[in-house]
Amino acid sequence: MSQAKRFDNYIGGQWVAGADYSSNINPSDLSDVIGEFAKADLAQVDAAIDAARAAFPAWSTSGIQARHDALDKVGSEILARREELGTLLAREEGKTLPEAIGEVTRAGNIFKFFAGECLRLSGDYLPSVRPGVNVEVTREALGVVGLITPWNFPIAIPAWKIAPALAYGNCVVLKPADLVPGCAWALAEIISRAGFPSGVFNLVMGSGRVVGDALVNSSKVDGISFTGSVGVGRQIAVSCVSRQAKVQLEMGGKNPQIILDDADLKQAVELSVQSAFYSTGQRCTASSRFIVTAGIHDRFVAAMAERMQSIKVGHALHAGTDIGPVVSQAQLDQDLKYIDIGQGEGARLVSGGGLVTCDTEGYFLAPTLFADSEAAMRISREEIFGPVANVVRVADYEAALAMANDTDFGLSAGIATTSLKYANHFKRHSQAGMVMVNLPTAGVDYHVPFGGRKGSSYGSREQGRYAQEFYTVVKTSYIGS
Ligand SMILES: NC(=O)C1=CN([C@@H]2O[C@H](COP(=O)(O)OP(=O)(O)OC[C@H]3O[C@@H](n4cnc5c(N)ncnc54)[C@H](OP(=O)(O)O)[C@@H]3O)[C@@H](O)[C@H]2O)C=CC1
Ligand SMILES: O=C(O)CCC(=O)C(=O)O
């Protein structure tokens, strides 16, 4: 019998024991059990949705000062506890401690940002085409929203869904990924003390197939915001559209990083290492394909190989670690499978390719780079979601742009160049939702829109002021005399 502490669901303002519990394990040290986390059953999911529905009429018409103060309080506590929460995040997900503290800081800032947004929600007041009539266009809360989040940003992604949802007057049922419930639980605990009325925020932990599916298919849930895999996202979209619920999906990427002949080589290598390997490559914005023009190709590959020798893979909490472990055995199997696929397809292994032995037993994988790859290979086309990248040689900028856009995805895309002409052209002609010039493809601000095109995203943008598109509905009122 495990002695690890138990963490319960939060439903209608009460901590509620789970129907079952599962262990949360540290991927840097498989002997380290972080805790036993509740798994909700269908009755508990339904109770959470009912609690949210009951709280909605009062919350959606509540004063904006109270909403502002509660969100601001959550943000302040997250920021004050960033080291402690960052340690928990690094322990459960495997990001290095500096990366984890950065993510916690982002989460705190997001709550502060949306505290301010409560006070800035605006509408339009227009004359009607009919004399003596005026028109008001206002925004109202959507209703009860189900938020389904992935394991790779265990506090920032819940934060960037919860904060706008609450700011605009919605009630929330959060289902975090079963692999990383610790940060979501810690966030729920902070929210539970911040002054929100009972039922406004609810946490139900457990698997996607049970808890997630119940949320998606409940006729009492008005909208679903999801981040995760393309396969699950598309199933969710079908279910939501068929019952006319609003849906917002953030899914995968196969983000290109172009390196042109005129790029600053040192800068190009550094931003490529960050794009592909930091956070163990487990970011939907990570780049796993470098498209490199012929004049710099060989120097780029050689410089990458040399730079990769100094990347230290290790325990996420140990000083000096650059890249922590892969999050789980399943993800490690996927990464190793793609390394095999790359070799089978005839790409040349330049660096990495196998497991790394550390002091503790964990899922440690060497950052891996292939060269001499082709655009048609599976390693060039499919999302791997690990520290595995490849280089494709092209003749010139035009070929690079065409190859960058030749993908089912369209989340982020980067270019390394000293040419203003090419940078501007790429900004305009890239088919990605986010474009980076001389910056890594990953690592975004918290106050501007986040999202992609094609298979990467569906529905309106997340984050920044644009978040209101999903979390509000528009009302047009005609006022006669
Ligand atoms: N774009 C991104 O940011 C992310 C992309 N991915 C991609 O997805 C791959 C697989 O990762 P994985 O974690 O399995 O991603 P999933 O899409 O399976 O999981 C994302 C979230 O959806 C939940 N979920 C799973 N199935 C359902 C369902 N039928 N109905 C409702 N909710 C569901 C999960 O729950 P639970 O896990 O608890 O069962 C989790 O909370 C990765 O290798 C990567 O390629 C993964 C994470 C983030
Ligand atoms: O790159 C970032 O900062 C955000 C990445 C992200 O949201 C994701 O990987 O899901």
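Bear in mind that the values here come from a model prediction, so they are computed numbers and not experimental data.

Novice: Looking at this structure, I do not really get the pairing of strand β9 (residues 171–175). What am I missing?
Specialist: Where a strand is regular, its side chains alternate between the two sheet faces. Within β9, 5 of the 5 residues are buried, which leaves the element mostly enclosed by the surrounding structure. Neither face of β9 is left uncovered, since the one carrying Cys171, Val173 and Lys175 and the one carrying Val172 and Leu174 both have all their residues buried. Following the chain from strand β8 (residues 144–148) across helix α5 (residues 156–167) to the adjacent parallel β9, one finds a crossover that is right-handed. The sheet contact formed by β9 and strand β10 (residues 201–203) spans 3 bridges and is parallel. Residue pairing for β10: Val172 is matched across the bridge by Phe201. Assessed by its sense of winding, the connection that carries the chain from β9 through helix α6 (residues 181–192) to β10 is right-handed.

Novice: Honestly, the UniProt feature "active site" (unreviewed entry) in the protein chain in this entry has me stumped. Any pointers?
Specialist: The UniProt entry lists Glu250 under the feature "active site" (unreviewed entry), expressed in the numbering used here. Along the polypeptide, Glu250 turns up in strand β12 (residues 246–250). Its relative accessible area of 1% is what places Glu250 among the buried residues. Residue contacts for Glu250: discarding those within four places in its chain leaves Phe226, Thr227, Gly228, Leu411, Phe450, Gly451, Gly452, Ser456, Ser457 and Glu462.

Novice: I tried to follow the packing of aromatic side chains on my own but got confused; where do I start?
Specialist: Think of a pair of aromatic rings as described by two things: how far the centres are apart, and how the planes are tilted against each other in angle. Scanning the entire structure with this criterion turns up 13 aromatic pairs. Note on Tyr10 and Trp15: the rings are 4.7 Å apart at their centroids and 45° apart in plane angle, and the pair reads as tilted. Residue classification places Tyr10 among the buried residues on the basis of a relative accessible area of 8%. Under the relative-accessibility criterion, Trp15 is labelled partly exposed at 35%. Centroid distance Trp151 to Phe385: 5.4 Å. Interplanar angle 85°. Geometry classified as edge-to-face. Taken together, the positions of Trp151 in the loop between β8 and α5 and Phe385 in the loop between α12 (378–381) and β17 (388–394) put the pair 234 residues apart, joining distant regions of the chain. Judged on exposure class, the residue Trp151 and its partner Phe385 are both buried. Just above the ring of Trp59 sits the side chain of Arg67; from NZ or CZ to the centre is 5.6 Å. Above the plane of the ring of Phe153 lies Lys95, whose end atom (NZ or CZ) is 3.9 Å from the centre.

Novice: Looking at this model, I keep getting lost on the site of ligand 1. Mind explaining?
Specialist: In the vicinity of ligand 1 lie 27 residues, with Thr149, Asp178, Gly208, Ser229 and Met251 positioned nearest. Between ligand 1 and Gly208, the relevant distance is 2.8 Å, taken from an oxygen atom to a main-chain nitrogen or oxygen of the residue. One of the side-chain N or O atoms of Gln331 is found 2.8 Å from an oxygen atom in ligand 1. Summarising the interface, the protein chains cover 84% of the accessible area of ligand 1, which totals 870 Å² for the free molecule. Those elements giving two or more residues to the shell around ligand 1 turn out to be α7 (208–217), β11 (223–227), α8 (230–242) and α11 (329–344). Each residue belonging to the shell around ligand 1 can be placed in one class, and the counts come to 11 nonpolar, 12 polar and 4 charged.

Novice: Looking at this structure, how should I read the environment of Trp185?
Specialist: Looking at the element boundaries, Trp185 is found in helix α6. Those residues in contact with Trp185 that sit more than four places away from it in its chain are Phe7, Asp8, Trp15, Phe37, Leu203 and Met205.

Novice: Would you explain the site of ligand 2 in this entry?
Specialist: Lining the immediate surroundings of ligand 2 are Arg106, Asn152, Phe153, Ile157, Trp160, Arg283, Cys284, Thr285, Ala442, Gly443, Val444 and Phe450. Between Arg106 and ligand 2, the recorded distance is 2.6 Å, taken from a side-chain N or O atom to an oxygen atom. For ligand 2, an oxygen atom lies 2.9 Å from a polar atom in the side chain of Asn152. Class assignment for the residues of the shell around ligand 2 results in 7 nonpolar, 3 polar and 2 charged.

Novice: Any chance you could explain the UniProt feature "domain: Aldehyde dehydrogenase" (unreviewed entry) in the protein chain here in plain terms?
Specialist: Annotation from UniProt places "domain: Aldehyde dehydrogenase" (unreviewed entry) at residues 15–476. The straight-line gap between the two end C-alpha atoms of residues 15–476 is 40 Å; of that span, 41% is helix and 21% is strand.

Novice: What should I look at first to understand the state of the cysteines in this one?
Specialist: By definition, a disulfide links the sulfur atoms of two cysteines through a covalent bond. Per the stated rule, a full pass over the model turns up 0 disulfides. With no disulfide of its own, Cys183 has Cys284 as its nearest cysteine by sulfur position, at a separation of 17 Å. Overall, Cys183 belongs to the buried group, its relative accessible area being 1%. Of all cysteine sulfurs in the structure, the one in Cys171 sits closest to Cys240, which takes part in no disulfide; the separation is 18 Å.

Novice: Looking at this structure, I do not really get helix α2 (residues 64–80). What am I missing?
Specialist: Because an α-helix packs 3.6 residues into every turn, residues spaced three or four apart end up facing the same way. The first and last C-alpha atoms of α2 sit 24 Å apart over 17 residues, in line with the 24 Å expected at 1.5 Å per residue. Within α2, burial applies to Arg67, His68, Ala70, Leu71, Val74, Gly75, Glu77, Ile78 and Leu79. Among the structural elements, α1 (42–60), α3 (82–93), α4 (97–118), α5 and α6 are those in contact with the buried residues of α2.

Novice: Would you mind going over the nonpolar core with me for this structure?
Specialist: Here is a general trend for soluble globular proteins: nonpolar side chains tend to be buried in one another's company. If you look at the biggest cluster of nonpolar residues, it comprises 100 residues, and the most contacted ones within it are Phe111 and Phe196. Discounting chain neighbours no more than four positions away, the residues touching Phe196 are Trp59, Ala70, Leu71, Val74, Leu166 and Ile191.

Novice: Which parts of the structure should I look at to understand the environment of Leu88?
Specialist: Along the chain, the position of Leu88 falls in helix α3. Along the primary structure Leu88 and Gly182 are separated by 94 residues, whereas in three dimensions their C-alpha atoms are 7.3 Å apart. Setting aside anything within four residues of it in sequence, one finds Leu88 in contact with Ile34, Gly182, Cys183 and Ala186.

Calculation notes
Residues numbered from 1 in each chain as written. Chains lettered and ligands numbered in written order. Predicted model: local features only at pLDDT ≥ 70, side-chain atom pairs only at ≥ 80, totals over all residues. Heavy atoms only, no water. Buried < 20%, exposed > 50% of the residue type's maximum accessible area, 1.4 Å probe, protein only. Helix = DSSP H or I, 4+ residues; strand = E, 2+ residues; numbered from the N terminus. Right-handed = clockwise from strand over helix to strand, strands pointing away. Pairing = 2+ DSSP bridges. UniProt positions renumbered as here; feature names shortened; annotations may be inferred. Contact = heavy atoms within 4.5 Å. Phe/Tyr/Trp six-rings, centres within 6.5 Å; stacked < 30°, edge-to-face > 60°. Lys NZ or Arg CZ within 6 Å of the ring centre and 35° of its normal. Near = heavy atom within 4 Å. Polar contact = N/O pair within 3.5 Å; in protein donor to acceptor, adjacent residues only side chain to side chain. Areas by Shrake-Rupley, 256 points an atom, 1.4 Å probe, with all protein chains shown as cover. Nonpolar A, V, L, I, M, F, W, Y, C, P; charged D, E, K, R; others polar. Disulfide = S-S within 2.5 Å. Expected span 1.5 Å × (residues − 1). Core = buried A, V, L, I, M, F, W, Y, C linked by side-chain atoms within 4.5 Å.

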